[in-house]
Amino acid sequence: MQRRTLIGVPGIDALMGGGVPKGSILLLSGCPGSGKTLFAAKFIYEGAVSLGERGVYVCLTEPRDVFVNTMKVYGWDFEDLIAKRDVELLDLSIETELDAQSALSKIVDAVSRLKAERVVLDSVTALGLGLKSELSRRHFLRLLYRVLRRFNCTSILIVEAPSDYEGFGSRMEEYIADGIIHLNSYYDSDGILRRKLRIFKMRGTKHGHGTYEYKITDKGVEIGAIEVMETASKPQPSSEPRSS
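A quick note: this is a predicted structure, and the numbers were derived from the prediction, not measured. (Residues numbered from 1 in each chain as written. Predicted model: local features only at pLDDT ≥ 70, side-chain atom pairs only at ≥ 80, totals over all residues. Heavy atoms only, no water.)

Undergrad: How do you make sense of the overall build of the chain when you look at a structure like this?
TA: When its secondary structure is counted, the chain shows seven helices and 11 strands. The buried share of the chain, reckoned over its 244 residues, is 51%. A separation threshold of at least 6 residues defines the contact pool for the chain, and within that pool the share at least 24 residues apart is 68%. (Helix = DSSP H or I, 4+ residues; strand = E, 2+ residues; numbered from the N terminus. Buried < 20%, exposed > 50% of the residue type's maximum accessible area, 1.4 Å probe, protein only. Contact = heavy atoms within 4.5 Å.)

Printed below as a string of structure tokens:
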């Protein structure tokens, strides 16, 4: 029987038949402020605290201390998890190919040392800003992909995307990922902030094909009772973009 990994974000696992297959690489995309970092942090935190699965969180967008202090607001004590060696938080900066090679070595070392089962890269977009060459960026992603497959880590790669982004299937990371979860924030006609989640693909498991409302509360990201906003849809077999 295939082993599954619970994401741990309230409401999301029910949309995927009780989690994702162990070792899945997930792409988490969304506009600024949509809750991507909170979603991914909960994935690492819940794994360590509730499921005994160690994790590595790679920060490329904000300093380690900012991340740790932000998560304290939600009651997530990453300092304690780091002290217990349940989580490693890597604060990395990538501006050259040498930086990328060094970063990859540090990720491999941390995953191997902790025997980590969960990894987050926050974010692929920051990686692209550091590595000016598209060839260098693709090379790094291929190597990272091989590392995550080698250690069989369930992973989340964060990507920035505009609120109206519909161009899935145009970037390399979308093809190598086993699943794509898209978070979006927008103001409705009454000026009220709304948030919606869609699952564009998920290999190896059934998943919901609707549009689902979620909220950011003092507990982080919460998908509300699987309530469909735009289309009524029961979980269906996964459909994937055609690989190039």
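Undergrad: How do you make sense of the side chain of Ser-123 when you look at a structure like this?
TA: Inspection of the secondary structure puts Ser-123 in the loop between strand 6 (118–122) and helix 5 (124–130). Using a relative accessible area of 2% as the deciding quantity, one classes Ser-123 as buried.

Undergrad: Looking at this model, I keep getting lost on the side chain of Ser-29. Mind explaining?
TA: For Ser-29, the location among the structural elements is in strand 3 (residues 25–30). Ser-29 gets classed as buried once you look at its relative accessible area, which sits at 0%. One polar contact links Ser-29 to His-182, side chain to side chain, over a distance of 2.7 Å. (Polar contact = N/O pair within 3.5 Å; in protein donor to acceptor, adjacent residues only side chain to side chain.)

Undergrad: Hey, could you run me through the packing of helix 4 (residues 97–114) against helix 6 (residues 134–151) in this one?
TA: For any two helices packed against each other, the geometry is given by the interaxial angle and the distance between the axes. In contact at an axis separation of 11 Å, helix 4 and helix 6 are set at 10° when each is read in the N-to-C sense. Overall, the two elements helix 4 and helix 6 adopt an arrangement that is roughly parallel. Facing Glu-97, Ala-100, Leu-104, Ile-107, Val-108, Val-111 and Ser-112 of helix 4, the residues of helix 6 in contact are Ser-136, Phe-140, Leu-143, Leu-144, Val-147, Arg-150 and Phe-151. Its residues assigned to classes, the contact of helix 4 with helix 6 comprises 10 nonpolar, two polar and two charged. (Axes fitted to C-alpha atoms, helices over the stretch in contact; angles between N-to-C directions. Parallel < 35°, antiparallel > 145°, perpendicular 65-115°, else oblique. Nonpolar A, V, L, I, M, F, W, Y, C, P; charged D, E, K, R; others polar.)

Undergrad: Help me out: how do you make sense of the pattern of salt bridges in this one?
TA: Inspection of every chain in the model, using the stated rule, returns 18 salt bridges. Two residues, Glu-53 and Arg-3, come together in a salt bridge whose shortest N-O distance is 3.4 Å. Taken as a pair, Glu-53 in the loop between helix 1 (36–50) and strand 4 (55–59) and Arg-3 in the segment before strand 1 (4–5) lie far apart in primary sequence, 50 residues in all. Taking the relative accessible area as the measure of exposure, Glu-53 reaches 8% and is therefore buried. With a closest N to O distance of 2.9 Å, Glu-117 and Arg-3 form a salt bridge. Here Glu-117 is found in the loop between helix 4 and strand 6, whereas its partner Arg-3 is found in the segment before strand 1, with 114 residues between them in sequence. (Salt bridge = Lys/Arg side-chain N within 4 Å of Asp/Glu carboxyl O.)

Undergrad: Help me understand helix 1 in this model?
TA: Structurally, the α-helix is built with 3.6 residues per turn, so residues lying three or four positions apart point the same way. Under the 1.5 Å per step criterion, the end-to-end length of helix 1 is 21 Å for 15 residues, consistent within 8% with the ideal 21 Å. Burial within helix 1 is extensive, with 12 of its 15 residues counted as buried. Taken together, the buried positions of helix 1 are occupied by Lys-36, Leu-38, Phe-39, Ala-40, Ala-41, Lys-42, Phe-43, Ile-44, Tyr-45, Glu-46, Gly-47 and Ala-48. Count one or two residues on from helix 1 and you reach Gly-52, which has phi positive near 65°. (Expected span 1.5 Å × (residues − 1).)

Undergrad: What am I meant to see in the packing of aromatic side chains here?
TA: Within this structure, the stated rule accounts for five aromatic pairs. An angle of 25° between the planes, with centres 6.0 Å apart, marks the rings of Tyr-45 and Trp-76 as stacked. Residue Tyr-45 is found in helix 1, and its partner Trp-76 is found in the loop between helix 2 (64–72) and helix 3 (78–83); the two are separated by 31 residues along the sequence. The exposure classification of Tyr-45 matches that of Trp-76, with both residues buried. Here the aromatic rings of Tyr-45 and Phe-78 are separated by 5.7 Å at their centres, their planes lie at 50°, and the arrangement is tilted. Here Tyr-45, found in helix 1, pairs with Phe-78, found in helix 3; they are 33 residues apart in sequence, far enough to count as distant. Here Tyr-45 and Phe-78 have matching classes, each one buried. (Phe/Tyr/Trp six-rings, centres within 6.5 Å; stacked < 30°, edge-to-face > 60°.)

Undergrad: Looking at this structure, I do not really get the pairing of strand 9 (residues 193–202). What am I missing?
TA: For strand 9, the tally of buried residues reaches seven of 10 residues, placing the bulk of the element in the interior. Once strand 8 (residues 179–187) ends, the chain turns through five residues before running back antiparallel as strand 9, passing Gly-191 with a positive phi of about 80°. Direction of pairing for strand 9 relative to strand 10 (residues 212–217): antiparallel, over a ladder of two bridges. Note on strand 10: the bridge partner recorded for Leu-197 is Tyr-212. (Pairing = 2+ DSSP bridges.)

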